Amino acid sequence: MVMDLYYNILSPPSRATLLLGEALQLKFNLISLDVHRKDYVNAEFKKINPQHTVPTLVVDGVAICEPGAILIYLAERFAAASSGLYPIADPLRRAIVNQRLLFECGTLYKCIFVYYTPVVLERACPVEADRQKLEEAVGVLDGFLRDSAFVAGDVLTIADYSLVCTVSMLVVLKFDLVPYEQLRRWYERCKGVISGYNELTQRAISMFQTWMEEESTNR
């Protein structure tokens with residue numbers, strides 16, 4: 001089976017996919033897309049994924065575009081049932097994992113993107129209303145963790161892979177996590193149990209810093 005993975009290491013969902021692939025001992029044909037070359041919007045990639053987003057996983061010619069769907073596919077296809085990464089045999093626990101993935105995509109990631117994009121790319125003043133929405137979203141995640149070690153229970157799941165990479169953005173952007181005690185404990189826990197997390201995140205941080213320097217130079 002050939003699996004092409006279009007990705008960018010700066011993308012948290014791309015890193016989540018890479019880390020899950022490492023955990024499952026998968027071999028991807030890695031295709032890195034460069035924003036400076038406008039790889040995301042070239043005609044060839046848009047034929048593969050009309051959303052022109054990363055990560056995009058192509059399996060035997062079929063493209064899977066949304067990161068949650070990619071993680072679910074990989075876990076269903078390659079993870080042992082005993083791993084607990086995606087509880088196929090338990091509809092209720094599976095629903096919780098799915099909910100956390102949807103929360104990450106539709107709420108937390110969106111709030112981070114809306115608040116920080118103008119600040120980082122345009123050096124604009126932060127919008128207080130957007131900051132409040134972000135704080136509310138982070139508070140919700142903290143609430144999910146009050147009664148469990150991981151975001152969907154006491155077992156590491158694909159939802160943790162997704163959310164921990166997104167939360168790493170907050171760490172890099174120096175968002176104050178001090179008020180969110182449960183989230184901070186979970187974040188440290190994930191760093192300790194997700195193989196390759198620290199190394200991959202450090203690579204992303206270094207590339208982000210280089211990218212920011214290039215952006216400043218090009219202004």
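None of these values were measured; they are calculated from a predicted model. (Residues numbered from 1 in each chain as written. Predicted model: local features only at pLDDT ≥ 70, side-chain atom pairs only at ≥ 80, totals over all residues. Heavy atoms only, no water.)

Visitor: Looking at this model, I keep getting lost on helix H7 (residues 181-193). Mind explaining?
Guide: Note on helix geometry: an α-helix contains 3.6 residues per turn, so any two residues three or four positions apart are oriented the same way. Taking 1.5 Å per residue, 13 residues should reach 18 Å; H7 reaches 19 Å between its end C-alpha atoms and fits that length. Turning to H7, its buried residues number three or more, namely Leu 183, Trp 186, Tyr 187 and Cys 190. Viewed end-on, H7 has its buried residues packed into an arc of 105°, placing them on one side of the element. (Helix = DSSP H or I, 4+ residues; strand = E, 2+ residues; numbered from the N terminus. Expected span 1.5 Å × (residues − 1). Buried < 20%, exposed > 50% of the residue type's maximum accessible area, 1.4 Å probe, protein only. Arc of directions from axis to C-beta.)

Visitor: In this structure, what is going on with unusual backbone geometry? I would like to understand it.
Guide: Among all residues save glycine, negative phi is the norm, and among peptide bonds the norm is trans. The amide bond that connects Val 54 to the next residue, Pro 55, takes the cis arrangement and shows omega of 0°. With respect to the helices and strands, the residue Pro 55 is situated in the loop between helix H2 (43-48) and strand E3 (56-59). Its identity is not glycine, yet Gln 25 carries a phi of approximately 60°, on the positive side. Within the fold, Gln 25 resides in the loop between helix H1 (12-23) and strand E2 (29-32).

Visitor: Please clarify how the pairing of E3 should be interpreted in this entry.
Guide: Two faces make up the sheet, and in a regular strand the side chains alternate between them. Neither face of E3 is left uncovered, since the one carrying Thr 56 and Val 58 and the one carrying Leu 57 and Val 59 both have all their residues buried. For strand E1 (residues 3-7) and E3, the ladder comprises four bridges, and the chain directions are antiparallel. By the bridge assignment for E3, Asp 4 is matched with Val 58. Two strands pair when backbone bridges link them, and E3 and strand E4 (residues 62-64) are joined in this way by three bridges, in the antiparallel orientation. Bridge assignment links Val 59 to a residue of E4, and that residue is Val 62. (Pairing = 2+ DSSP bridges.)

Visitor: Please clarify how the layout of surface pockets should be interpreted in this entry.
Guide: Empty space left among the atoms is revealed by rolling a probe the size of a water molecule over them. In this structure, the largest pocket occupies an estimated 1100 Å³ of space. Elements represented by at least two residues in the lining of the largest pocket include exactly H1, helix H4 (91-122), helix H6 (158-172) and helix H8 (197-218). Here the lining of the largest pocket takes nine residues from H4, the largest share from any one element. Split into classes, the residues belonging to the lining of the largest pocket amount to 22 nonpolar, eight polar and three charged. (1 Å grid on protein atoms, 1.4 Å probe; cavity = no way out; pocket = protein on both sides within 12 Å on 5 of 7 lines; lining within 4 Å. Points joined across faces, edges and corners; volume = space filled by probe spheres on them. Nonpolar A, V, L, I, M, F, W, Y, C, P; charged D, E, K, R; others polar.)

Visitor: For this particular structure, what's the right way to read the nonpolar core?
Guide: Membership of the largest hydrophobic core comes to 63 residues, with the highest contact counts inside it found for Leu 108, Leu 134, Leu 141, Ile 158 and Trp 186. In contact with Leu 108, other than residues within four places in its own chain, are Phe 103, Leu 134, Ala 137, Val 138, Leu 141, Leu 163, Thr 166 and Val 167. (Core = buried A, V, L, I, M, F, W, Y, C linked by side-chain atoms within 4.5 Å. Contact = heavy atoms within 4.5 Å.)

Visitor: Explain empty space enclosed by the protein here, please?
Guide: A full pass over the atoms with the stated rule returns one cavity of 30 Å³ or more. In this structure, the largest cavity encloses a volume near 30 Å³. What lines the largest cavity is Val 114, Tyr 115, Pro 118, Val 119, Cys 125, Pro 126, Val 127 and Asp 130. By residue number, the principal contributor to the lining of the largest cavity is H4, which donates four residues.

Visitor: How do you make sense of the pattern of salt bridges when you look at a structure like this?
Guide: Side chains that carry opposite charge are capable of pairing whenever their charged atoms lie near each other. Applying the stated criterion across every chain, the model contains three salt bridges. The shortest N-O distance in the salt bridge between Arg 131 and Glu 135 comes to 3.1 Å. Taken together, the residues Arg 131 and Glu 135, both in helix H5 (residues 128-144) and four residues apart, mark about one turn of the helix. Put simply, Lys 191 and Glu 188 hold a salt bridge, and the shortest N to O gap is 3.4 Å. (Salt bridge = Lys/Arg side-chain N within 4 Å of Asp/Glu carboxyl O.)

Visitor: What am I meant to see in the side chain of Ser 14 here?
Guide: Relative to the assigned elements, Ser 14 resides in helix H1. Those residues in contact with Ser 14 that lie beyond four places of it in its chain are Tyr 7, Asn 8, Val 54 and Pro 55.

Visitor: How should I be thinking about the packing of H4 against H5 in this particular structure?
Guide: For any two helices packed against each other, the geometry is given by the interaxial angle and the distance between the axes. At a minimum axis distance of 9 Å, the contact between H4 and H5 shows a crossing angle of 150°. One element, H4, and the other, H5, form an angle in the roughly antiparallel class. Handedness of the crossing formed by H4 with H5: left-handed. Side by side, H4 and H5 meet where Gln 99, Arg 100, Phe 103, Thr 107, Leu 108, Cys 111, Ile 112, Val 114, Tyr 115 and Tyr 116 of the first sit next to Asp 130, Arg 131, Lys 133, Leu 134, Ala 137, Val 138, Val 140, Leu 141 and Phe 144 of the second. Its residues placed into classes, the contact of H4 with H5 shows 13 nonpolar, two polar and four charged. (Axes fitted to C-alpha atoms, helices over the stretch in contact; angles between N-to-C directions. Parallel < 35°, antiparallel > 145°, perpendicular 65-115°, else oblique. Left-handed = near helix turned anticlockwise from the far one by under 90°.)

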